[in-house]
2 protein chains.
Amino acid sequence: MSEKVFASAQEVAARAGVSRSAVSRTFTPGASVSAETRRRVLEAAEALGYHVNELARGLMRNESGIVCLIVSDVATPYRSHLLCELTLLLQNAGKVAMLINTDRSNGSVDRALRQAIRYRADASIILSGMPDKSIAQLCLRSGQRLVLINRDDEEPGPLRINLDDYEAAGRIVTAFVRAGCRRLAFANSEAGTPSLMARERGFVAAASALGIEVFVERHGWTGYEAGKAIAQRMLTRAERPDAVFCATDLLACGFMDTARHQFALSVPNQLCLAGFDDIEQASWSSYNLTTFAQPVSAIASKAVEWLSHPQPEDDSTSQGQSIRLHAELVWRGSIRGG
Amino acid sequence: MSEKVFASAQEVAARAGVSRSAVSRTFTPGASVSAETRRRVLEAAEALGYHVNELARGLMRNESGIVCLIVSDVATPYRSHLLCELTLLLQNAGKVAMLINTDRSNGSVDRALRQAIRYRADASIILSGMPDKSIAQLCLRSGQRLVLINRDDEEPGPLRINLDDYEAAGRIVTAFVRAGCRRLAFANSEAGTPSLMARERGFVAAASALGIEVFVERHGWTGYEAGKAIAQRMLTRAERPDAVFCATDLLACGFMDTARHQFALSVPNQLCLAGFDDIEQASWSSYNLTTFAQPVSAIASKAVEWLSHPQPEDDSTSQGQSIRLHAELVWRGSIRGG
DNA sequence: TTGTAGGCGTTATCAG
DNA sequence: CTGATAACGCCTACAA
């Protein structure tokens, strides 16, 4: 008995005494059905526990309503925040989110995308650091729309959303120097993602323009533990830095904790610190970290907006669109002055 | 031209010079195809860029491979951690995760579930605090399997995974008393979810058994800010508590921060603190919080395991299964002694 | 506005 | 092991 679970439009039609097309139209927004027919259909549907089968609908329409979210490090504050925002907006736009969790292994994103294709996802949003080339190719061939967040791929076709990482990093140099710091350092991970590297380059370049040489350390992966490890190394150097820009808030939290608890340094008196992302923890009073805010809501809404927009396929160049958002400096207490 | 995007099994068959059934079998694990046929099919598929259409497959098989994750507060450390673990295991099990983000509005979970049904999800995993009754009804009627995590619904049918919240809370009373604390308090949110309330009841009961009356404060929602607010209230009381059990690590972090930075209290010397969840931040050296670990991996694997398991439908009682996992006390530095 | 007919891409079934 | 055929549940013409 457990076989026949769902009622089909067919059965609803029979019960309502109308044709199956009438049922179909009732559940298709913007179709013409008389009020009376609609009422009877709805009643029959309710009685039978009818639910539109999106699988079949997607098959017909060549449009599944599925948007694939390809993301690594889901449990990270910044990523989960973005994920949250994205799913909310997607739902409001009548789409549904399929979450694919990629690890750092090679070809991971590729496999994920292939899965998305099998479910005929209308689009994919990639917020995963790993580079995995030829993705756009795959997407284009399968008619998927693609949004790349904080990646630097030069592939044509998709929408690319990026921040002004390079410029932001420059601005923090000014802040450090104004606070009287001269021994600048940059704490980065070995992940080497485009945005991370842009921050590094921007920081080094801006300092260099002021005649300051930056000590750069790259270590481990972009998390709290890596921040601790980097602090360990940097703060035992003969020439200890008096200002450190961390590529990420998570790194900054780790850095700050070992600076304080292990090296008994006072922030910001003896050491100025800044991060990037403005994760929730940055505002916690134990850290009170000066940092750059990822415009998470803006990123999410730009992405979903573009997806909901009817595609301007006419554009023969099809070069894709690139959006550059501003990372606002959030001034807190980890840099002197202000 | 942009209409015809995908090659169908039909076309692959034509190119490979076999029947479409042969193509189907090639892509169905455990079907019998000769090596030669398989090779030719695979070659043609590759050339044509063929990808199985899971929509059509799901339509036929009455099994979409989709598992719906219904979750609120995705951006929270504990939730995102669980989400991460779950999606990973699901993927390994050959399923795909559909993420539905519920807010705290009423009927939110209900709408979510309805969406899941429309996509003919094979199962739903609910890790959302909101109670929303009659969910099991809806699921059962639609043949979905259901996993309830940290909820207390007495509904029949689904798998329920819970912790020994009540007992755990009792154990922390012992720890506090052993540390010499006598003025115990419990910090809770107003969310009132079953697990939160179980912790409260367990704490109060165990203290009561020792002749200690617990001061309970419930305020706001289960986050860092609420923890700060509760600390604000509790620590200005005439009879200031010397040990506080927070229903959640997030609450504990907020509590600890205002206790230290605003009331200049030393933890654990003047104030003992404990939390629940063992989120990553609890181990950060600024907090070093003694807390109970959510067995996230175990929860996730139990859930996915049960989902992958062929359902023992025979069980006429169909009372569902209830799994009770142990929350291990993680001893750190926020309670004296140890 | 309504009903009829045909097809979307797949898998199950059953002969060969 | 292989190939034809019939569903699966829906939508989109087209004709009434």
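Quick notes on the rules
Residues numbered from 1 in each chain as written. Chains lettered and ligands numbered in written order. Predicted model: local features only at pLDDT ≥ 70, side-chain atom pairs only at ≥ 80, totals over all residues. Heavy atoms only, no water. Helix = DSSP H or I, 4+ residues; strand = E, 2+ residues; numbered from the N terminus. Rg over C-alpha atoms; globule rule 2.2 N^0.38 Å. Buried < 20%, exposed > 50% of the residue type's maximum accessible area, 1.4 Å probe, protein only. Contact = heavy atoms within 4.5 Å. Areas by Shrake-Rupley, 256 points an atom, 1.4 Å probe, with all protein chains shown as cover. Near = heavy atom within 4 Å. Polar contact = N/O pair within 3.5 Å; in protein donor to acceptor, adjacent residues only side chain to side chain. Nonpolar A, V, L, I, M, F, W, Y, C, P; charged D, E, K, R; others polar. Core = buried A, V, L, I, M, F, W, Y, C linked by side-chain atoms within 4.5 Å. Axes fitted to C-alpha atoms, helices over the stretch in contact; angles between N-to-C directions. Parallel < 35°, antiparallel > 145°, perpendicular 65-115°, else oblique. Left-handed = near helix turned anticlockwise from the far one by under 90°. Salt bridge = Lys/Arg side-chain N within 4 Å of Asp/Glu carboxyl O. Pairing = 2+ DSSP bridges. Domains from an automatic or database assignment. Buried area = accessible area lost by both parts, 1.4 Å probe.

Within an unreviewed UniProt entry, the label attached to chain A reads Transcriptional regulator protein, and the organism entered is Rhizobium mesoamericanum STM3625.

Peer 1: How should the overall build of chain A be read in this particular structure?
Peer 2: In terms of regular secondary structure, chain A is built from twelve helices and twelve strands. A compact globule built from 338 residues should have a C-alpha radius of gyration of about 20 Å, whereas chain A, at 26 Å, is more than 25% larger. For the C-alpha atoms alone, the extent of chain A along its principal axes is close to 85 × 45 × 35 Å. In chain A, which comprises 338 residues, the share counted as buried stands at 56%. Of the contacts formed within chain A by residues at least 6 apart in sequence, a portion of 70% connects residues at least 24 apart. When the accessible surface of chain A is totalled, it reaches about 14,300 Å², and 48% of it is carbon and sulfur.

Peer 1: What should I look at first to understand the protein's contact with DNA strand C in this one?
Peer 2: Ser21 and Thr37 of chain A together with Ala9, Ser24 and Arg57 of chain B are the nearest of the 23 residues found near DNA strand C. For DNA strand C, the backbone portion of the atoms within 4 Å of the protein, that is sugar and phosphate, comes to 60%. Within the residue set of the surface near DNA strand C, elements represented by two or more residues are helix 2 (20–26) and helix 4 (54–61) of chain A together with helix 4 (54–61) of chain B. Of the residues forming the surface near DNA strand C, the biggest block, four residues, is contributed by helix 4 of chain B.

Peer 1: Explain the protein's contact with DNA strand D here, please?
Peer 2: Of all residues adjacent to DNA strand D, which total 24 residues, the nearest are Ala9, Ser24 and Arg57 of chain A together with Ser32 and Thr37 of chain B. The contact atoms of DNA strand D, taken as those within 4 Å of the protein, divide so that sugar and phosphate hold 62%. Side-chain polar atom of Ser21 of chain B to a base nitrogen of DNA strand D: 3.0 Å apart, as the coordinates give it. Here a phosphate oxygen of DNA strand D sits 3.0 Å away from a polar atom, N or O, in the side chain of Ser32 of chain B. Of all elements in the fold, only helix 4 of chain A together with helix 2 (20–26) and helix 4 of chain B reach the threshold of two or more residues within the surface near DNA strand D. A per-class count over the surface near DNA strand D returns ten nonpolar, nine polar and five charged.

Peer 1: I keep staring at the nonpolar core and nothing clicks. Help me out?
Peer 2: For soluble globular proteins, nonpolar side chains are generally found buried alongside one another. Judged by nonpolar contacts, the single largest core of 161 residues is most densely connected at Phe176 of chain A together with Phe176 of chain B. If we skip the residues at most four places from it in the chain, Phe176 of chain A touches Cys181, Leu184, Phe203, Ala243, Val244, Phe245, Cys272, Leu273, Ala274 and Ile335 of chain A. Ile66, Met98 and Ile117 of chain A together with Leu113 of chain B belong to the second-largest nonpolar core, a separate cluster that totals 42 residues.

Peer 1: How do you make sense of the packing of helix 10 (residues 224–234) of chain A against helix 11 (residues 249–261) of chain A when you look at a structure like this?
Peer 2: Two numbers describe a pair of packed helices, the interaxial angle and the distance between the axes. Residue and element names in this part refer to chain A. Orientation of helix 10 relative to helix 11, taken along the N-to-C sense of each, is 45°, at an axis distance of 6 Å. Our classification of the angle between helix 10 and helix 11 gives oblique. Crossing of helix 10 over helix 11 shows right-handed handedness. When helix 10 is examined against helix 11, the residues Tyr224, Ala226, Gly227, Lys228, Ile230, Ala231, Gln232 and Met234 are found in contact with a partner set consisting of Leu250, Leu251, Cys253, Gly254, Phe255, Asp257 and Thr258. In the contact of helix 10 with helix 11, the residues fall into nine nonpolar, four polar and two charged.

Peer 1: Even after reading the chapter, I still don't get the pattern of salt bridges, so can you show me in this structure?
Peer 2: Where side chains of opposite charge bring their charged atoms close, a pairing between them can arise. Residues and elements named next belong to chain B. Summed over the entire model, instances satisfying the criterion amount to 22 salt bridges over all chains. In this structure, Arg57 engages Glu54 in a salt bridge whose closest nitrogen and oxygen atoms are separated by 3.6 Å. Pair noted here: Arg57 and Glu54 are both in helix 4, with a separation of three residues, about one helical turn. Here the two residues Arg57 and Glu54 agree in accessibility, since each one is buried. Across the pair Asp73 and Arg79 runs a salt bridge, and its minimum N-O distance is 3.9 Å.

Peer 1: Sorry if this is basic, but what is going on with the sheet that holds strand 2 (residues 96–102) of chain A here?
Peer 2: Backbone-to-backbone hydrogen bonds join strands into a sheet, with any given pair of strands oriented parallel or antiparallel. In space, the twelve strands of this open sheet follow the order 11(A)-5(A)-4(A)-3(A)-1(A)-2(A)-2(B)-1(B)-3(B)-4(B)-5(B)-11(B), with mixed pairing throughout. Two strands close off the open sheet at either side, each with one partner strand: strand 11 (321–325) of chain A together with strand 11 (321–325) of chain B. Averaged over all pairs of adjacent strands, the angle between strand axes in this sheet comes to 20°, irrespective of strand direction. Across five bridges, strand 1 (residues 66–72) of chain B lies against strand 3 (residues 123–127) of chain B in parallel orientation. Note that in strand 3 of chain B the partner of Ile70 of chain B across the bridge is Ile126 of chain B. Its contacts with the sheet place helix 12 (residues 296–308) of chain A against strand 1 (66–72), strand 3 (123–127), strand 4 (145–149), strand 5 (159–163) and strand 11 of chain A, and it is angled at close to 165° to strand 4 of chain A. Each of strand 2 of chain A together with strand 1, strand 2 (96–102), strand 3 and strand 4 (145–149) of chain B touches helix 5 (residues 77–92) of chain B; the most contacted strand, strand 2 of chain A, lies at about 80° to it.

Peer 1: Where do I start with the domain arrangement of chain A in this structure?
Peer 2: Size of an interface: often given as the accessible area lost when the parts come together. Residue and element names in this part refer to chain A. You can read the domains of chain A as domain 1 (9–52), domain 2 (66–163 + 296–325) and domain 3 (165–294). Placing a centre on the C-alpha atoms of domain 2 and another on those of domain 3 gives a separation of 29 Å. At the interface, 13 residues of domain 2 touch twelve residues of domain 3. Together, Pro77, Tyr78 and Leu163 form the three largest contributors to the area buried by domain 2 at its contact with domain 3, with a combined 42%. Our count for the domain 2 to domain 3 interface comes out at one salt bridge. Residues Arg324 and Glu167 are paired through a salt bridge, measuring 2.9 Å at the closest nitrogen-oxygen approach. Every element with two or more residues in the side of domain 2 that touches domain 3 is listed here: helix 5 (77–92) and helix 12. Taken together, the residues that form the side of domain 2 that touches domain 3 break down as five nonpolar, three polar and five charged.

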